[in-house]
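Chains, contacts and geometry: an overview
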Amino acid sequence: MKLAICDDEKSLRRQLKHLAKIHLALKGIACEITEYESGNALLQKVNDNPPDLLFLDIEMPGMGGMDTAKALRLAGFKMLIIFITAYPDYVFEGYEVQAFQYILKPYQETKIKQILDRAIDELHTHAAQYFLIEQKSGTLRIPFHEICYFKSDRRTIHAKIQDGSTVSFYRKLGEVEAELPGFFQRIHNRYIVNLHYISRVEAAKCICNEKELPVSRTYKLALASSFAQMILK
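Notes on the structure follow. Computed from a prediction, not measured in an experiment: that's the story for all the values here.

A few words now on the side chain of T156. Relative to the helices and strands, T156 resides in strand β9 (residues 156-161). Residues contacting T156, with those up to four places away along its chain left out, are K151, S168, F169 and Y170.

This is the structure we're talking about:
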């Protein structure tokens, strides 16, 4: 889990970091915590290490927290944002940037723990809807419903996406298969398909998102059965 704290008050950053680190450690969650002293500093470096969860102070000199959040959303970042503020007046404005929660200053340890627990649950639910690929720049999350199929080429896996793009990474196809929901199915020792993109199944091939893919004897009957069930649904 990657957590970031953006607050111009160093003492408050350290206090929140200490509370979060202890609580997450007690829950057995490994966490990398990064501190930023301003919204500008965060925006300059967020591409290098995008967090899953961001504590963001609203009242900061220069670019305030709300404008920082808007810039993050505009850039496509999906992290959970928890606003830090001494005033409750910003709650409605936070809807525009899909704020997850608010924390009022001064910090209350019980409240911090409650919000962290909610964030953990939300991240777990969110992660369950995505295929995660670890890259040097961070974790890439691809919605399962956008993946048409996976193709194995020796040690390289190519994920074919609905928009026509391809994401490649190093894994074993068996490891990938173990992480996929039930609407993905193995059709060959080199292919796993998303059944929602199958339009036709034939003797030794299938059509997946208008692409012809091979179907081996080993998986032929299982694919035909699953495809028939999809049609009936």
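Think of it this way: side chains of opposite charge can pair up when their charged atoms draw near. Under the counting rule described, the total for this entry stands at 14 salt bridges. Across the pair D7 and K105 runs a salt bridge whose closest N-O atoms are separated by 3.7 Å. Here D7, found in the loop between β1 (2-6) and α1 (10-26), pairs with K105, found in the loop between β5 (101-104) and α4 (109-127); they are 98 residues apart in sequence, far enough to count as distant. Judged by its relative accessible area of 0%, D7 falls in the buried class. Between K205 and E202 there is a salt bridge whose closest N-O contact spans 3.6 Å. The exposure class of E202 is partly exposed, given its relative accessible area of 30%.

Adjacent strands of a sheet form backbone hydrogen bonds with each other and so pair up, either parallel or antiparallel. Read across the open sheet, the three strands follow the order β13-β14-β15; overall the sheet is antiparallel. Only two strands of the sheet have a single partner each, and these edge strands are β13 (198-201) and β15 (211-214). Going from strand to strand, the sheet's axes swing by 25° on average, the running direction of each strand aside. Across four bridges, the pairing between strand β14 (residues 205-208) and β15 is antiparallel. From the neighbouring strand, C208 faces β15, where its bridge partner is K211.

This part covers the packing of aromatic side chains. On inspection of all chains with the given rule, the structure shows eight aromatic pairs. Judged by centre distance (5.5 Å) and plane angle (35°), the ring pair of F83 and Y102 falls under tilted. Taken together, the positions of F83 in strand β4 (residues 80-85) and Y102 in strand β5 put the pair 19 residues apart, joining distant regions of the chain. With a relative accessible area of 0%, F83 lands in the buried category. Here a set of aromatic residues connected by ring pairs shows up, and it is made of F131, F144, F150, F169, F183 and F184.

Further remarks concern the environment of G28. Here G28 shows up in the loop between α1 and β2 (32-36). Note on G28: relative accessible area 67%, which makes it exposed. In sequence terms G28 and Q98 are 70 residues apart; their C-alpha atoms lie 28 Å from each other.

How each quantity is defined
- Each chain carries its own residue numbering, running from 1 in the direction its sequence is written.
- This being a predicted model, a pLDDT of at least 70 is required before a residue's local features are given, and a value of 80 or more before pairs of side-chain atoms are given or counted; all residues contribute to the totals for chains, interfaces and linings.
- Where side-chain values are given, they derive from all heavy atoms of the structure, hydrogens and water being excluded.
- A run of H or I in DSSP becomes a helix once it reaches four residues, and a run of E becomes a strand once it reaches two; helices and strands are each numbered from the N terminus.
- Between two residues, a contact is recorded if the distance between any of their heavy atoms is within 4.5 Å.
- The salt bridge definition used is simple: a Lys or Arg side-chain nitrogen within 4 Å of an Asp or Glu carboxyl oxygen.
- Relative accessible area decides the class of each residue, using a 1.4 Å probe on protein chains only: under 20% of the type maximum gives buried, over 50% gives exposed, and in between gives partly exposed.
- Strands were regarded as paired on the criterion that DSSP finds at least two bridges between them.
- Lines are fitted to the C-alpha atoms to define the axes, a helix being fitted only along its stretch in contact, and any angle between axes, read from their N-to-C directions, falls within 0 to 180 degrees.
- For Phe, Tyr and Trp, where Trp contributes only its six-membered ring, two rings pair if their centres lie within 6.5 Å, and the inter-plane angle classes them as stacked under 30 degrees, edge-to-face over 60, or tilted in between.

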